[in-house]
Amino acid sequence: MEALKTLQKSHKVLVVDDEPDIIELLDYNLTREGYVVETAGNGKEALLKLSEGFNPDVLLLDIMMPQMDGIETARRIRQLPAYKNVYILFLTARSEEYSEIAAFEVGADDYITKPIKIRALISRINALFRRETQKTEQKGELTIADLVINPKNYSVVQEGRSITLPKKEFELLLYLAQNPDKVCGRDELLQKIWGADIYVLERTVDVHIRKLREKLGEGYIKTLKGVGYMFNAVKDETKNVALS
């Protein structure tokens, strides 16, 4: 526990919510847990904090906020290369499936509905860093097809062209590339990439696969309808059919 506390002292959290009571609750408990916390009341304030030099490891974002909502805030942050690896967790009263899908479309790592269960939230944040620590122990550059994938700096190079991927898209690509010609089902990918302690929709995998194809091209990840996804060790241009 003491080791985890020491590790957390270097981790920064930006809490973005327009409800003062929630800001106070999260600020108090995360600070007590050992995190360095900054707060903002809307998306514009959050972007200002970043421009002023606060470099968070985690963003906790509400969706419904004045001036700039959480979805737009996350979209803008994911467009900034400096924040491609920041964890984005939505904390929101919006429980509709389309809101959750929209959150993952813009690069969310987790989606948690209010009311907030503070111990469960902190546990999920801690789990993100535990998995990150475990992954650093098995890092090594991987060259497959015409991609060079480097887990040390989360970089992808395709035929000399650098491609910026958010953390979850990168981890999904890396896992598939490390298991070429193996069919990976949604459940397996959710378990390996998001973890058993984080609940996300199965369609989240489909969203991330689609975004990877948009950035890398269609030929790397093959769909076996109703079964799963497979990385082609030899890139082909066969048209993929979406999972049913």
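Residues numbered from 1 in each chain as written. Predicted model: local features only at pLDDT ≥ 70, side-chain atom pairs only at ≥ 80, totals over all residues. Heavy atoms only, no water.

> What exactly am I supposed to notice about the environment of Lys 215 here?
When you line up the elements, Lys 215 lands in helix α9 (residues 203-216). Residues Lys 215 and Ile 163, spaced 52 residues apart in sequence, show a C-alpha to C-alpha distance of 7.5 Å. Leave out the neighbours within four places in its chain, and Lys 215 touches Gln 158, Arg 161, Ile 163, Thr 164, Leu 165, Pro 166 and Glu 169. There is a polar contact of 2.8 Å between the side chain of Lys 215 and the side chain of Glu 169. (Helix = DSSP H or I, 4+ residues; strand = E, 2+ residues; numbered from the N terminus. Contact = heavy atoms within 4.5 Å. Polar contact = N/O pair within 3.5 Å; in protein donor to acceptor, adjacent residues only side chain to side chain.)

> I tried to follow the pattern of salt bridges on my own but got confused; where do I start?
Here the idea is simple: oppositely charged side chains can pair when their charged atoms come close. Within this structure, the stated rule accounts for 18 salt bridges. For Arg 119, the salt bridge is made with Glu 33, and the minimal N-O distance between the two is 3.6 Å. Of this pair, Arg 119 sits in helix α6 (residues 118-136) while Glu 33 sits in helix α2 (residues 20-33); the two residues are 86 residues apart in sequence, bridging distant segments of the chain. In this structure, Glu 105 engages Arg 210 in a salt bridge whose closest nitrogen and oxygen atoms are separated by 2.3 Å. Here Arg 210 lies in helix α9 and Glu 105 lies in helix α5 (residues 97-105), a separation of 105 residues in the sequence. With relative accessibility at 26%, the residue Glu 105 sits in the partly exposed group. Where salt bridges share partners, they join Asp 17, Glu 19, Asp 62 and Lys 114 into one cluster. (Salt bridge = Lys/Arg side-chain N within 4 Å of Asp/Glu carboxyl O. Buried < 20%, exposed > 50% of the residue type's maximum accessible area, 1.4 Å probe, protein only.)

> What am I meant to see in the packing of α5 against α9 here?
Relative placement of two packed helices is described by the angle separating their axes and the distance separating the axes. Here α5 crosses α9 at 35°, and the two axes come no closer than 10 Å. Two packed elements cross with a definite hand, and for α5 against α9 that hand is right-handed. Residues Glu 97, Ile 101, Phe 104 and Glu 105 of α5 form the contact with α9, whose participating residues are Arg 203, Thr 204, Val 207, His 208, Arg 210 and Lys 211. Among the residues making up the contact of α5 with α9, the classes are represented as three nonpolar, two polar and five charged. (Axes fitted to C-alpha atoms, helices over the stretch in contact; angles between N-to-C directions. Left-handed = near helix turned anticlockwise from the far one by under 90°. Nonpolar A, V, L, I, M, F, W, Y, C, P; charged D, E, K, R; others polar.)

> What's the story with the packing of aromatic side chains in this structure? I'm lost.
Here the structure, examined in full by the defined rule, presents three aromatic pairs. A cation over an aromatic ring shows up here: Lys 167 above the ring of Tyr 87, its NZ or CZ 4.3 Å from the ring centre. (Phe/Tyr/Trp six-rings, centres within 6.5 Å; stacked < 30°, edge-to-face > 60°. Lys NZ or Arg CZ within 6 Å of the ring centre and 35° of its normal.)

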